[in-house]
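# Structural description and commentary
Residue strings, one per chain:
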Amino acid sequence: METLLAILIDGLVYASWLFIVAAGLTLVYGVMKILNMAHGSLYAIGAYSAASLVGWYFGSGHPPWGSFALFIGGAVIAGMVTGLIIERGVLRRMYGRDEVVMILVTYGVLLILEDVTKLLWGVDAYFAYQPYGMIGRVRFSDLTFAGYDLTLIAVAGLVGFALWYALNRTRQGKLLRAVIHDREISLAMGINVTRIFIVTFIIGSALGALAGGLTAPALSVAPGIGIEIIILAFAVVVIGGLGSVGGAAIGALLVGICRALAVHTYPQFELFIIYGVMAAVLAVRPQGLFVIARARKI
Amino acid sequence: MAGRKNVRNYSPVQLATASIVCLLTAALCLGHPPSVRADEGTYKLGLVTFLSGAAAGPFGVPARNAAELIIEAINAGTLPSPYDSKGLAGMTIESTIIDEAGGGTKQVGEFRNLVQRRNVDAVIGYISSGDCLAIAPVAEELRALTIFFDCGTPRIFEDNDYKYVFRTGPTSTMDNVAAARYILELKPNLKSVSGMNQNYAWGFDSWNDFKWAMGVLKPDVDIKTEQFPKLGAGQYGSEISAVMVSRAEVIHSSFWGGDMEGLVLQGAARGLFDNSQGIFTCGETAMFRLSDQIPEGTIIGGRGPFGVFAPASPLNDWFRKSYMDRFGTPPTYPSYKMAQAILGLKAAVDKAAAAKNGKPNKEEIAAALKGLEFQAPSGVVRMSLGKGHQAVQEMVYGQFTKKNGKPEIYNVRRYPAECVNPPDGVKSEDWIKNSLKQTSCN
């Protein structure tokens, strides 16, 4: 029973973290048809920004609870600014190119951003652990969880709800969905596709940085943290279907629960299970779980 | 007489000048003994350590800093005895540093570049056991003198014989055999352990050595769970829960670098070590960086007598003070091990040069390093395993505490090299399973 509870909670925590990262990635792909390899770098920038701000905040002796607003806000702003620079500086010159070319372009951006983070923050690790212990612990029988980790589940739920609401219940969301369905027709109908692209990329970038910022207190923030996460995020969006936010949520849940199941029952399968799930889904539904196969336009 | 027109007439002054120049050149070329020519030479040294990735902060950069400090001191001749002579047998060290990040395949390419394009005389490097396993056969193929300074897998010299490859740091066997000995001295009635180690050569070797040693020294100890998260995974929530559910009395981990720091942060926040005794075989690198997070009483090791475990000596005092003055933080074990590798090379080059009275070649240096006993800030290093290619040293463990806000170690126990390392020619696994029980540390 205890193991079952542990699997459920561990799976949910891991899924929440994965979902926040993958949501931005899949949103950008859905609207712009860009598989953004630099998303991991945005995650890293969010983590570094948060860690720097936490370090400064606690070093200055401010009231501890204020740090949450600062590091989360700081990470999101850093993500938005970086996203705007990438979109205006690089991507807009590349629109209309083949999706494979865009992968190479964003891969180039990733390499540049990796060096930019090293230039700005150096190679030494940063710690932002103070907020991690502030929410306390929650005890279930002999199992103790960090309150911070459980809060992540709520944050992921909020992010998911906000995205669903924005896409389905607002005028901007409807315009965005129109662009997702057909960029050319949307343009012909007078939708400002360029503006939609900018806003979408900034939101996607902010989500990546938010995930990094939220993770920073539990980690040693060091160069390369963005590379590891991007591989997992790709697995999640591929399982759910590229471009589907709902799919990303289900993909993250599947990966999270299956991984926790493996860790608690057959730890030697932990590495394999994520890609095993992905391979199994793709064998049955090559387009992912939540994307309807469509005829290609010629 | 027709040819006479082609003969140029020189004035006596021109002839005299030419003669003086020739004589001076001849004197410069022939007049100095070979050792003086070596003085004017340089020794090209390739250094490989993590400059990016999670291992850079706790491992790569401290190792690079130590290399910088030691090489400058060697070149200037300002090291304490027995290294107070200038350079490597008089040769100035000219170093090139390469980032170890990127995995074994990339490192093999970088190694070939160092040896074949940059023509380095020797390579010192490698923190990752996976990289060491990949580099060793290539180094042998290229006949490149190579010294591993940090990686720990014992398989390098247990499974192969090398002529040009050396390791001046001890293997992971002694970390884990000593860990088992220490924990059993601390908890003689121990009933259960769990392990959390990284999913690659280092993690498996470390856990197996610990598990085998425990199985021999106290066969009734129950192994509750064995977790092997991916290297660099970052998030260990599920693994921590699995270990918590196992309710083991002791948690063994050979995590290092950012992974170890992440585990300490996440484990401490969840109270993982409240009811279980943690033992981190590589914990020493975090004791200053995460002194507020490491739980009181955690057993930590430093992969040998390094860092806070290093015995006092003029060389160690100089190293600690110079490092602190320059980098503002005490040197941790990667710094010690890098310094040790460079000093091992200096000892070998000086020895080979003294025997030859000139600049030695790599074969002569390798022969000098083989089986060498030399001094390092961590004490005496004996190249006595792997047919003289692998170092052994004593192993030290202690428990972490904070006194007046400063991190310290108490309950320190030193294990002589002979009781935590196999004899030469015997594989770690065979020695642990067949002879460890009969090997005394007293």
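Since the structure is predicted, the reported quantities are computational estimates derived from the model, not experimental observations.

## Overview of the overall build of chain A
Regarding its fold elements, chain A presents 12 helices and four strands. Its C-alpha atoms give chain A a radius of gyration of 19 Å, near enough to 19 Å, the size a compact globule of 298 residues would have. Across its three principal directions, the C-alpha atoms of chain A cover 60 × 45 × 35 Å. Put simply, chain A has 298 residues, and 51% of those count as buried. Restricting the contact set of chain A to residue pairs at least 6 apart, pairs at least 24 apart contribute 78%.

## Quick look at the interface of chain A and chain B
Chain A puts 38 residues into the contact, and the matching count from chain B is 37 residues. The set of elements that each furnish at least two residues to the side of chain A that touches chain B consists of helix 1 (2-32), helix 5 (130-134), strand 3 (143-146), helix 10 (225-240), helix 11 (245-265) and helix 12 (270-284) of chain A. Looking at which element gives the most residues to the side of chain A that touches chain B, the answer is helix 1 of chain A, with seven residues. When the residues that make up the side of chain A that touches chain B are grouped by side-chain class, the tally is 21 nonpolar, seven polar and 10 charged.

## Comments concerning the sheet that holds strand 6 (residues 192-196) of chain B
Residue and element names in this part refer to chain B. Ordered by their spatial adjacency, seven strands build an open sheet running 7-6-8-9-10-14-15, and the pairing between neighbours is mixed. Here the strands that pair on one side only, and so sit at the sheet edges, are strand 7 (222-227) and strand 15 (406-415). Going across the sheet, the axis of each strand differs from the next one's by a mean of 25°, ignoring polarity. Across the face of the sheet, helix 7 (residues 172-186) comes into contact with strand 8 (250-253), strand 9 (277-280), strand 10 (299-301), strand 14 (395-403) and strand 15 while running at roughly 60° to strand 14. Helix-sheet contacts for helix 8 (residues 201-217) involve strand 6, strand 7 and strand 8, and the interaxial angle to strand 6 is about 170°.

## Here we look at the domain arrangement of chain B
By a frequent convention, interface size equals the accessible area lost on bringing the separate parts together. Residue and element names in this part refer to chain B. Its domain assignment divides chain B into domain 1 (38-170 + 312-392) and domain 2 (173-310 + 394-438). When each unit is reduced to the centre of its C-alpha atoms, the spacing between domain 1 and domain 2 is 27 Å. Every contact between the two is made by 31 residues of domain 1 and, on the other side, 29 residues of domain 2. Breaking the side of domain 1 that touches domain 2 down by element, the ones donating at least two residues are helix 3 (56-76), helix 5 (129-142), helix 6 (155-158), helix 12 (333-356) and strand 12 (379-385). Examining the composition of the side of domain 1 that touches domain 2, we find that four residues originate from one element, helix 12, more than from any other.

## Describing the pairing of strand 1 (residues 42-49) of chain B
Residues and elements named next belong to chain B. Of all eight residues making up strand 1, six are buried, and the element is well covered by its neighbours. Direction of pairing for strand 1 relative to strand 2 (residues 92-99): parallel, over a ladder of eight bridges. Bridge assignment links Thr42 to a residue of strand 2, and that residue is Thr92. A crossover connection joins strand 1 to the parallel strand 2 through helix 3; in handedness this β-α-β unit is right-handed. Here strand 1 pairs with strand 3 (residues 122-125) via four bridges, running parallel. Bridged to Gly46 within strand 3 is Val123.

Conventions adopted
Residues numbered from 1 in each chain as written. Chains lettered and ligands numbered in written order. Predicted model: local features only at pLDDT ≥ 70, side-chain atom pairs only at ≥ 80, totals over all residues. Helix = DSSP H or I, 4+ residues; strand = E, 2+ residues; numbered from the N terminus. Rg over C-alpha atoms; globule rule 2.2 N^0.38 Å. Buried ≥ 20, exposed ≤ 12 C-beta atoms within 10 Å, placed from the backbone. Contact = placed C-beta atoms within 7 Å. Nonpolar A, V, L, I, M, F, W, Y, C, P; charged D, E, K, R; others polar. Pairing = 2+ DSSP bridges. Axes fitted to C-alpha atoms, helices over the stretch in contact; angles between N-to-C directions. Domains from an automatic or database assignment. Right-handed = clockwise from strand over helix to strand, strands pointing away.

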